[in-house]
Amino acid sequence: MIIQIRNAALTYQSLNGEVEALRDVSFDMEEGELCSIVGPSGCGKSTLLGAVAGLEQLSSGEVIVDGENVSAPSAKVGLMPQRDQLFEWKTIWDNVTLGLRVQKQDTPAKRAYVRELLERYGLSEFMHKRPAQLSGGMRQRCALIRTLATEPRILLLDEPFSSLDYQTRLAVSADIHAILRREGKTALLVTHDISEAISMSDRVIVLSHRPAVVKSIHDMEELRSLSPLQRRDEATFHIHFNTIWKELDIHA
Ligand code: ADP
């Protein structure tokens, strides 16, 4: 198991008192697996991702990544934020190699790897352009390449498509899914979109209302070999959707 989350609990201390975000969250992920976390707004999804990234300290329980207890950010885990956070005044090349410089990994071999990624995913001709000259989907691909550049074993994606319109979102999520699969990455995705979770993942983890506990875990076994767009045509897709929708109990 590359990720083991054991009875994770986290209570924030703030000026207005305590906020219990996570009560008891446990699940494991295998290397190469793509999992999504869904749950009602404010239930603790980003908090959980932050704990796996080593950005949030658990009050109790543990997160183990690749056999080591997580207590601080590590190069093994790459985080792709909600907005692409590309620097508008920098070229695409400078943007995608930023992590290499920050992590002091700016070696010829790593640069060659980034060049290869840009080539493989159709961005090499935009290397010297600025982010504003790219479409929303291309920007998202750039943000992913920037995260892949430092070769983390695990990618955490926090609502990565929320700034895109619906049509673009469908295309970009298929695109990102293909890249994650091809690069063999383990990825944990937070989303509030049930369809996106089913179409992108091997398993969907449903969290309860805050304070979060794992309500259920759904295996997309019969959909795994299909692309996100193909999955949406399957009868089982809709069965999973209805089950998860009822569990989320949005109106409660
Ligand atoms: P989600 O991602 O599911 O929408 P979050 O993990 O962002 O939920 O937040 C879970 C709860 O914790 C929310 O009630 C939020 O207001 C609270 N929260 C998040 N970050 C902090 C913080 N730094 N201090 C205090 N409360 C926080």
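Residues numbered from 1 in each chain as written. Predicted model: local features only at pLDDT ≥ 70, side-chain atom pairs only at ≥ 80, totals over all residues. Heavy atoms only, no water.

Caption draft 1: Representation of the site of the ligand in the model. Around the ligand, the structure places Y12, V19, A21, P40, S41, G42, C43, G44, K45, S46, T47 and R210. Residue S46 places a main-chain N or O atom 2.9 Å away from an oxygen atom belonging to the ligand. A distance of 3.3 Å is found between an oxygen atom of the ligand and a side-chain nitrogen or oxygen belonging to R210. Summarising the interface, the protein chains cover 62% of the accessible area of the ligand, which totals 560 Å² for the free molecule. (Near = heavy atom within 4 Å. Polar contact = N/O pair within 3.5 Å; in protein donor to acceptor, adjacent residues only side chain to side chain. Areas by Shrake-Rupley, 256 points an atom, 1.4 Å probe, with all protein chains shown as cover.)

Caption draft 2: The packing of aromatic side chains, seen in detail. For the structure shown, the criterion picks out two aromatic pairs. Judged by centre distance (5.0 Å) and plane angle (45 degrees), the ring pair of F87 and W89 falls under tilted. A residue is classified by how much of its surface remains accessible, and W89, at 60% relative accessible area, is exposed. (Phe/Tyr/Trp six-rings, centres within 6.5 Å; stacked < 30°, edge-to-face > 60°. Buried < 20%, exposed > 50% of the residue type's maximum accessible area, 1.4 Å probe, protein only.)

Caption draft 3: How the structure looks around a negative patch on the surface. Judged by side-chain charge, E221, E222, D233 and E234 come together as a negatively charged surface patch. If you trace the backbone, D233 turns up in the loop between α8 (228-231) and α9 (235-248). According to the relative accessible area criterion, D233 is exposed, its value standing at 68%. (Patch = residues over 30% accessible without salt bridge, like charges linked within 9 Å, V, L, I, M, F, W, Y side chains within 5 Å. Salt bridge = Lys/Arg side-chain N within 4 Å of Asp/Glu carboxyl O. Lys, Arg positive; Asp, Glu negative; His and termini not counted. Charge placed at Lys NZ, Arg CZ, Asp CG, Glu CD. Helix = DSSP H or I, 4+ residues; strand = E, 2+ residues; numbered from the N terminus.)

Caption draft 4: Seen up close, helix α1 (residues 45-53). Of all nine residues that make up α1, eight are buried, and the element is covered over most of its length. The complete set of buried residues in α1 reads K45, T47, L48, L49, G50, A51, V52 and A53.

Caption draft 5: Layout of the sheet that holds strand β5 (residues 68-69). Sheet architecture is open: ten strands sit in the order β5-β4-β1-β2-β10-β9-β3-β8-β7-β6, paired in mixed fashion. The outermost strands of the open sheet, each flanked by one partner alone, are β5 and β6 (77-80). Where strand β9 (residues 203-207) meets strand β10 (residues 212-219), five bridges bridge the pair, whose relative direction is antiparallel. What sits directly across from V206, in β10, is S216. In this fold α1 packs onto β1 (3-14), β2 (17-29), β3 (34-38), β4 (60-65), β6, β7 (154-158), β8 (186-190) and β9, with an angle of close to 155 degrees to the strand it touches most, β7. On top of the sheet, α9 reaches β3, β9 and β10; it is set at about 170 degrees to β10, its chief contact. (Pairing = 2+ DSSP bridges. Contact = heavy atoms within 4.5 Å. Axes fitted to C-alpha atoms, helices over the stretch in contact; angles between N-to-C directions.)

Caption draft 6: Seen up close, the pattern of salt bridges. One pass over the full model with this rule turns up 20 salt bridges. Here K76 and D66 are joined by a salt bridge, their closest N and O atoms 3.3 Å apart. A residue pair is termed long-range when its members are at least 10 positions apart, and K76 in the loop between β5 and β6 and D66 in the loop between β4 and β5 qualify at ten residues. On the basis of relative accessible area, K76 is assigned to the partly exposed category, the value being 25%. Assessed through its relative accessible area of 30%, D66 is described here as partly exposed. With a shortest N-O distance of 3.6 Å, E68 and K76 are connected by a salt bridge. Residues joined by salt bridges that share partners form a network here, namely E33, R181, D202, R203, D219 and R224.

Caption draft 7: Here's a closer look at the pairing of β7. In terms of residue burial, β7 counts as a mostly covered element, since five of its five residues are buried. Neither face of β7 is exposed, since I154, L156 and D158 on one face and L155 and L157 on the opposite face are all buried. Examined bridge by bridge, β6 and β7 share four bridges and lie parallel to one another. When the sheet's bridge partners are listed, M80 is paired in β7 with L157. In this sheet, β8 lies alongside β7 in parallel orientation, the contact comprising five bridges. Across the sheet, the residue bridging to L155 is A187, located in β8. Since β7 and β8 lie parallel, the crossover through helix α6 (residues 166-182) that links them has a hand, and here it is right-handed. (Right-handed = clockwise from strand over helix to strand, strands pointing away.)

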